Amino acid sequence: MSDTQWRLEVDRHLCISSGMCVGIAPDHFELEGDGSHATADVVDQDEAVVDAAESCPVEAIRVLSAASGDLVAPAD
Ligand code: SF4
């Protein structure tokens, strides 16, 4: 697993199904009955997932370095 990949986590207990992430990064998120899901847990770096994490109104999305686990987004 290289450092060029990110891990996506969605906390569906926080998600209010606003759909922002799906609108911003439709390749990476989809809405289901219980909230947003990442279409893949580990993805190549893509600024769209950072935009989605920054735009989520409840900060339910976390983007992490797949290699180190360091938080990429959202910013504190
Ligand atoms: S932007 Fe956040 S609250 Fe809205 S659907 Fe995505 S994860 Fe859920």
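Check the entry above for the structure.
Each value, and the rule that gives it
Residues numbered from 1 in each chain as written. Predicted model: local features only at pLDDT ≥ 70, side-chain atom pairs only at ≥ 80, totals over all residues. Heavy atoms only, no water. Near = heavy atom within 4 Å. 1 Å grid on protein atoms, 1.4 Å probe; cavity = no way out; pocket = protein on both sides within 12 Å on 5 of 7 lines; lining within 4 Å. Sits in = over half its atoms within 2 Å of the grid points. Nonpolar A, V, L, I, M, F, W, Y, C, P; charged D, E, K, R; others polar. Points joined across faces, edges and corners; volume = space filled by probe spheres on them. Pairing = 2+ DSSP bridges. Helix = DSSP H or I, 4+ residues; strand = E, 2+ residues; numbered from the N terminus. Axes fitted to C-alpha atoms, helices over the stretch in contact; angles between N-to-C directions.

### Focus: the site of the ligand
Here is step 1: Near the ligand there are 13 residues, and of these Cys15, Ser18, Gly19, Cys21 and Cys56 occur at the shortest range.
Here is step 2: Among the detected pockets, the ligand sits in the largest cavity.
Here is step 3: Residues of the shell around the ligand, tallied by class, amount to nine nonpolar, four polar and no charged.

### Focus: empty space enclosed by the protein
Here is step 1: Evaluation of the coordinates by the stated rule reveals one cavity of 30 Å³ or more.
Here is step 2: Volume-wise, the largest cavity comes out at about 90 Å³.
Here is step 3: Around the largest cavity sit 15 residues that line it, and Cys15, Ser18, Cys21, Ser36 and Cys56 are the ones nearest its centre.
Here is step 4: The class makeup of the residues in the lining of the largest cavity is 11 nonpolar, four polar and no charged.

### As for the sheet that holds strand β5 (residues 61–65)
Here is step 1: Ordered by their spatial adjacency, four strands build an open sheet running β4-β1-β5-β6, and the pairing between neighbours is antiparallel. The sheet terminates laterally at β4 (42–44) and β6 (71–73), the two strands that pair on one side only. This sheet shows a mean twist of 40° between the axes of neighbouring strands, independent of strand direction.
Here is step 2: Sheet topology places strand β1 (residues 5–10) next to β4; three bridges connect them, and they run antiparallel. Residue pairing for β4: tryptophan 6 is matched across the bridge by valine 43.

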